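Each chain, written out:
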Amino acid sequence: DAMVIQNPRYQVTQFGKPVTLSCSQTLNHNVMYWYQQKSSQAPKLLFHYYDKDFNNEADTPDNFQSRRPNTSFCFLDIRSPGLGDAAMYLCATSTLDREYNEQFFGPGTRLTVL
Amino acid sequence: AQSVTQLDSQVPVFEEAPVELRCNYSSSVSVYLFWYVQYPNQGLQLLLKYLSGSTLVESINGFEAEFNKSQTSFHLRKPSVHISDTAEYFCAVSVGNQGGKLIFGQGTELSVKP
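This report concerns the structure included in the present document. Fair warning: this is a prediction, and the values are worked out from it, not measured in the lab.

A few points about the overall build of chain B
Along its length, chain B carries zero helices and twelve strands. Each helix and strand of chain B, ordered N terminal to C terminal, gives the series β-β-β-β-β-β-β-β-β-β-β-β. Burial status across chain B gives 46% buried among its 114 residues. The contacts of chain B with a sequence gap of at least 6 include a subset with a gap of at least 24, amounting to 56%. Summed over its atoms, the accessible surface of chain B is roughly 5400 Å², and 49% of this surface lies on carbon and sulfur atoms. Counting 7 positive and 10 negative side-chain charges, chain B places the averaged centre of each group 9 Å from the other.

Notes on the pairing of strand 9 (residues 87-94) of chain A
Residues and elements named next belong to chain A. Counting buried positions along strand 9 gives eight out of eight residues, so the element sits mostly inside the fold. In strand 9, alternate side chains face the same way, and those of Ala87, Tyr89, Cys91 and Thr93 on one face and Met88, Leu90, Ala92 and Ser94 on the other are all buried. Direction of pairing for strand 4 (residues 31-37) relative to strand 9: antiparallel, over a ladder of seven bridges. Residue pairing for strand 9: glutamine 37 is matched across the bridge by methionine 88. When strand 9 meets strand 11 (residues 109-113), the two strands line up antiparallel, connected through three bridges.

How each quantity is defined
Residues numbered from 1 in each chain as written. Chains lettered and ligands numbered in written order. Predicted model: local features only at pLDDT ≥ 70, side-chain atom pairs only at ≥ 80, totals over all residues. Heavy atoms only, no water. Helix = DSSP H or I, 4+ residues; strand = E, 2+ residues; numbered from the N terminus. Buried < 20%, exposed > 50% of the residue type's maximum accessible area, 1.4 Å probe, protein only. Contact = heavy atoms within 4.5 Å. Areas by Shrake-Rupley, 256 points an atom, 1.4 Å probe, with all protein chains shown as cover. Lys, Arg positive; Asp, Glu negative; His and termini not counted. Charge placed at Lys NZ, Arg CZ, Asp CG, Glu CD. Pairing = 2+ DSSP bridges.

Coordinates in, geometry out; function isn't part of it.
Following this line, the structure appears as structure tokens:
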């Protein structure tokens, strides 16, 4: 089945220690998104790629970076995680071949910062 | 600017009772509307969507939502809920000129009790 995969599902890191979360997709969608979701809140868009074109949200901290080496994979790098970065991180994909934007989500990675 | 408001942050109901989760949006252009469901420690799954045509849309697990343009609403209903429907529900709007973004409501936590 075509799907969005996130690894790992749970990640524990130490304060200030860089961490990388990964996302892969078999949907062949040209757009990939990273969201941060804190407890009892809606997902907050960090950035998205349209093909290789990177689009950063204005309020995304510089501490968050992303890479998309090919269509299938996208990575979220947190350079120096703080306690406030503990959250669920969601990857999503969509195709802009349609007028509407239906997004397909992965299962998420829950990040704990000690 | 477009926005989505979910009027209830928490909705507790008993099993087999009917439920309505309310969603209102504001937009000056045509919109596409979605309901996503999120089970604990999972990503978001599409429940149903309104793109065009019939204003009443249905999901495979008994939920339905009605698009009401005059009231700018897209309320989600189910005539008889199950324990397994306990989850967070997010209403979202895709606006064609938003460069591929979804605008989420704040979420409604549905808690079904025996």
